[in-house]
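Structural features, examined
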Amino acid sequence: MSTLYVIASPIGNLKDITLRALEILKGVDLILCEDTRRTQKLLNRFGIKTRTLSYHQHSKLKKINYILELLRQGKDLALISDAGTPGISDPGNKLIQTIVTGPGLVVKIVPVPGPSALTAAASIAGVPMDKFLFLGFPPAKRKRKKYFEEVIKSKYPVIFYESPYRILKSLRDLRETDAKINAKPTRKIVVGRELTKKFEIIYRGTIEEIIEKIKKDKIKGEFVVIVENK
Ligand code: SAM
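Residues numbered from 1 in each chain as written. Predicted model: local features only at pLDDT ≥ 70, side-chain atom pairs only at ≥ 80, totals over all residues. Heavy atoms only, no water.

**Notes on the sheet that holds strand β8 (residues 188-193)**
- In space, the five strands of this open sheet follow the order β6-β7-β10-β8-β9, with mixed pairing throughout. Each end of this open sheet is capped by a strand with a single partner; those strands are β6 (133-134) and β9 (201-206).
- Examined bridge by bridge, β8 and strand β10 (residues 223-227) share five bridges and lie antiparallel to one another. Among the inter-strand pairings, Gly192 is bridged to a residue of β10, identified as Val224.
- Across the sheet, helix α8 (residues 207-216) touches β8, β9 and β10, and the angle it forms with β9 is around 140°. (Pairing = 2+ DSSP bridges. Helix = DSSP H or I, 4+ residues; strand = E, 2+ residues; numbered from the N terminus. Contact = heavy atoms within 4.5 Å. Axes fitted to C-alpha atoms, helices over the stretch in contact; angles between N-to-C directions.)

**Re helix α4 (residues 93-101)**
- Regarding α4, the residues found buried are Leu95, Ile96 and Ile99. For α4, the arc enclosing every buried residue in end-on projection is 95°, short of the 170-degree limit, so these residues lie on one face.
- Taken together, the buried residues of α4 touch β1 (2-7), β2 (30-33), α3 (61-72) and β5 (107-112). (Buried < 20%, exposed > 50% of the residue type's maximum accessible area, 1.4 Å probe, protein only. Arc of directions from axis to C-beta.)

**Concerning the pairing of β8**
- Burial within β8 is extensive, with five of its six residues counted as buried.
- As judged from the six bridges shared by β8 and β9, these two strands associate in the antiparallel manner. Looking across to β9, one finds that Ile189 is bridged to Gly205.

**A few points about the packing of helix α6 (residues 144-153) against helix α7 (residues 167-181)**
- For the pair α6 and α7, interaxial distance at closest approach is 9 Å and the crossing angle is 65°. Note that α6 runs across α7; the crossing there is right-handed. On α7, the residues touching Arg144, Lys145, Phe148, Glu149, Val151, Ile152 and Lys153 of α6 are Lys169, Ser170, Asp173, Leu174, Thr177, Asp178, Lys180 and Ile181. (Left-handed = near helix turned anticlockwise from the far one by under 90°.)

**A closer look at the sheet that holds β2**
- Strand order in the open sheet made by the five strands is β3-β2-β4-β1-β5, with parallel pairing throughout. Both edges of this open sheet fall to β3 (52-54) and β5, since each of them pairs with a single strand only. Sheet twist, expressed as the mean angle between neighbouring strand axes with direction ignored, is 25°.
- With four bridges joining them, β1 and strand β4 (residues 77-80) adopt parallel strand pairing. If you follow Ile7 over to β4, its bridge partner there is Ile80.

**Describing the site of the ligand**
- As a structural note, the neighbourhood of the ligand is formed by 19 residues, with Ile88, Ser116, Ala117, Glu222 and Phe223 the closest of them.
- Ala83 places a polar main-chain atom, nitrogen or oxygen, 3.5 Å from a nitrogen atom of the ligand.
- With respect to the ligand, the backbone of Glu162 contributes an N or O atom lying 3.1 Å from an oxygen atom.
- When the free accessible area of the ligand is taken as 570 Å², the share hidden by the protein chains comes to 90%.
- Those elements that provide at least two residues to the shell around the ligand are β7 (158-162) and β10. (Near = heavy atom within 4 Å. Polar contact = N/O pair within 3.5 Å; in protein donor to acceptor, adjacent residues only side chain to side chain. Areas by Shrake-Rupley, 256 points an atom, 1.4 Å probe, with all protein chains shown as cover.)

**Points about the environment of Ala8**
- Checked against the element boundaries, Ala8 lands in the loop between β1 and α1 (19-27).
- For Ala8, a relative accessible area of 3% corresponds to the buried category.
- Remark: the alpha-carbon pair of Ala8 and Pro86, spanning 78 residues in sequence, is separated by 6.4 Å.

**Digging into the nonpolar core**
- Grouped together as the largest cluster of nonpolar side chains are 20 residues, with contacts concentrated most on Leu171, Leu174, Ile189, Val191, Ile214 and Val227.
- Those elements giving two or more residues to this core turn out to be α6, β7, α7, β8, α8 and β10.
- The residues contacting Leu171, other than those within four sequence positions of it, are Ile189, Ile207, Ile210, Ile211, Ile214 and Val225.
- In this structure, Leu4, Val6, Leu53 and Leu71 belong to the second largest nonpolar core, which totals 18 residues. (Core = buried A, V, L, I, M, F, W, Y, C linked by side-chain atoms within 4.5 Å.)

Listed below in structure tokens is the structure:
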């Protein structure tokens, strides 16, 4: 039986790759990756020579059929995204769904856990995270208002992802929504920027305070936002 290993990879610091992930990446027949050049950097760093093939959310049916054919032939594959855990705001689940619902294909699917911006941020939140809501990226246009209302009204802390280009806009929209819903908008947030990287920063404060701090620190970066519940 062939195996598909779903492998978490570093979100910045290459030393965060696990020993098990390295062993599997070395041993499989092929590595499916979002961006082959990016994954190649990781492989070069650890002297891994396994072949790679690009697989991402826009991959065509022809590519998916090719991957299914390799699995049918008994090949062992690894699936890795650009950073973090596949399937969390990243490709992975569509392929897995095709495999598990496809007739006559028996593939062992094995998670190889490791870094994720989601769990890294949750681990340093400093508020109870036994229950939380993860909402991925805010939508660009439609349903944006509803999205932020759901964040502000949530019974549980909410975690969302944001890019350097949209972080200020999203925090401003969050602040406005808070002001609309609550008479005294004092909601606190925690923002993880460039987690595990050289310029990692963790901001803590009200939405207004964090907007000012991010405006001042001009460096770019990836962001995870945790919005405390009421
Ligand atoms: N699957 C990935 C994971 O498990 O973390 C997430 C992929 S998603 C396409 C990329 C987003 O994750 C970024 O836009 C950012 O919001 C967040 N992210 C990734 N790396 C990060 C880091 N080092 N620090 C803060 N946020 C990060």
